[in-house]
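Residue-level listing of the chains:
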Amino acid sequence: MVTRTVDLRSDTVTKPSESMRVAMAKAEVDDDVLGHDPTAFRLETEMARITGKEAALFVPSGTMGNLISVLVHCDVRGSEVILGDNSHIHIYENGGISTIGGVHPRTVKNNKDGTMDIDLIEAAIRDPRMAICYPITRLICLENTHANTGGRCLPVEYIDKVGELAKKHGLKLHIDGARIFNASVALGVPVHRLVQAADSVSVCLSKGLGAPVGTAIVGSKDFIARAKRLRKTLGGGMRQVGVLCAAALVALKENVGKLDGDHKKAKTLAEGLSKIKGLKADVTSVETNIVYFDILEGANITTQKLRKNLEEHGILVMPESSTRVRLVVHYQISASDVQYTLSCIQQAVTGVPAENGGTKIFQQAVTEVPAENGGNVACDMLGLNLIDLTVPVSDYYSIVPFFLGLFVVSCTT
Ligand SMILES: Cc1ncc(COP(=O)(O)O)c(C=O)c1O
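Computed from a predicted model, the values in this text were never measured in an experiment.

**Student:** So what's going on with helix α13 (residues 303-312)? Which residues, and what values?
**Tutor:** Residues of α13 that are buried: Thr303, Leu306 and Leu310. Considered in projection along α13, the buried side chains sweep an arc of 60° and stay on one side of the axis. Projecting away from the buried face of α13 at angles above 90 degrees are the exposed residues Gln304, Lys308 and Glu312. The elements touched by buried residues of α13 are β10 (290-295), β11 (315-316), β12 (318-319), β13 (324-328) and α14 (335-350). Just past α13, the residue Gly314 takes up positive phi, approximately 85°.

Written as structure tokens, this is what we have:
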């Protein structure tokens, strides 16, 4: 029986930590729709400070944060927004900007690094002299990090240039910053500088930061006042919402500092995958916490088969297509989870256990206390496939001699 779970489907899957649960239980709350929830006020003030904007608003999701932002900037039906053809807003948000806001999307090709060529953006801006035929361009949207290209970071110089272009044409700039903290950490640029050129940003608190729910949108006081009305229109006014904001405040305090470790683990994962015969993973493109890999033609496994096989070992992944799989690292994934995953994938794809894989996992399971898993370690000796056992952390040392003995025997037989 496998008791270990390694959930790599997304960074949205984290469970609230103990300190978040305590903060939620103790949160001071009031009616936020009436504007009186003190914990929501604290979170919004903090998010405005971090992003260098005048004001912030807590909303239930990244999707609603983007929708509200686009709708505030494009408050005339039939307005046009320029956005990436591979952007989250365009692909994964139910076309809400069109169905709800009457906003027309004009897509520009996303490059492999998540950028759109600036001359292509400029060429996509409608000539207002032809407004008799054309929709009126009012907004440009960027995404940082860019999820579908593997969590790539848009550099600040690029964002500044797009901001200048927007200004030159009288347009607004919105950044889908669901993972802006990941970008900030990877680039070594503070969040407020990274989004300086933007008129609005939506920042997810429930992705890499690990809060259970919520996104903050930030911008000018006027933008946020209008956003607040739209949030109510969309049914996103939440009464004693301080319960959720309290967890988000803990996430900000405790988890930003863990993002660098997540990025390193993602890199290790990509490096390991790139060495497995039958797989292709581009290590250099892994800049933050998202890793894509491809199953090469001729490999004897499909992504669905691999997903199922891994699930049997407690590893959850998200196939992107029939040949592509996405893995997302978050702070509840430990270094030994990464090694365990690599061993399982190697075994599933090649049928051959990782060289020394079992030893490595065994050593790590014994020496490393995994984060946030209730203090249990499932010692799935994958490479050797000998033992399946759940051991409370407090029992580590009493079982070490037994395991070492077993290991020596297995190596000599
Ligand atoms: C880049 C990006 N933007 C927006 C969202 C939407 O966030 P939510 O799932 O909270 O609606 C996601 C979700 O994964 C995302 O990856």
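After that view, the rundown keeps rolling.
**Student:** Pulling in residues and values, what's your account of the sheet that holds strand β9 (residues 279-280)?
**Tutor:** The antiparallel open sheet is built from four strands, whose spatial order is β9-β10-β13-β12. Here the strands that pair on one side only, and so sit at the sheet edges, are β9 and β12. For β9 and β10, the ladder comprises two bridges, and the chain directions are antiparallel. By the bridge assignment, Lys280 is partnered in β10 with Asp294. The sheet contacts of helix α12 (residues 259-274) involve β9, β10 and β13, and relative to β10 the element is tilted by about 10°.

**Student:** Lay out the sheet that holds strand β6 (residues 172-177) in plain terms, naming residues and giving numbers.
**Tutor:** Strands sit in the order β2-β8-β7-β6-β5-β3-β4 across an open sheet of seven strands; the sheet is mixed. Lying at the two open borders of the sheet, with one neighbouring strand each, are β2 (55-59) and β4 (104-108). The sheet shows a mean angle of 20° between the axes of neighbouring strands, direction not considered. Here strand β7 (residues 200-204) pairs with strand β8 (residues 215-219) via five bridges, running antiparallel. From the neighbouring strand, Cys204 faces β8, where its bridge partner is Thr215. The sheet strands contacting helix α3 (residues 62-73) are β2, β3 (79-84), β5 (136-143), β6, β7 and β8, and the helix crosses β7 at an angle near 175°.

**Student:** Give a detailed account of the environment of Ser274, specifying residues and quantitative values.
**Tutor:** Secondary-structure assignment places Ser274 in helix α12. Contacts of Ser274, omitting those with residues within four sequence positions, involve Ala281 and Val283.

**Student:** Would you mind going over the pairing of β6 in detail, with residue names and values included?
**Tutor:** Remark: a regular strand shows side chains that alternate across the two faces of the sheet. Within β6, six of the six residues are buried, which leaves the element mostly enclosed by the surrounding structure. Along β6, one buried face is formed by Lys172, His174 and Asp176 and the opposite face, lined by Leu173, Ile175 and Gly177, is buried too. Two elements, β5 and β6, share five bridges in a ladder whose sense is parallel. What sits directly across from Ile140, in β6, is Leu173. At this point the chain moves from β5, through helix α7 (residues 156-168), to the parallel β6, and the crossover so formed is right-handed. Where β6 meets β7, four bridges bridge the pair, whose relative direction is parallel. When the sheet's bridge partners are listed, Gly177 is paired in β7 with Val203.

About the thresholds
- Residues numbered from 1 in each chain as written.
- Predicted model: local features only at pLDDT ≥ 70, side-chain atom pairs only at ≥ 80, totals over all residues.
- Buried ≥ 20, exposed ≤ 12 C-beta atoms within 10 Å, placed from the backbone.
- Helix = DSSP H or I, 4+ residues; strand = E, 2+ residues; numbered from the N terminus.
- Arc of directions from axis to C-beta.
- Contact = placed C-beta atoms within 7 Å.
- Pairing = 2+ DSSP bridges.
- Axes fitted to C-alpha atoms, helices over the stretch in contact; angles between N-to-C directions.
- Right-handed = clockwise from strand over helix to strand, strands pointing away.

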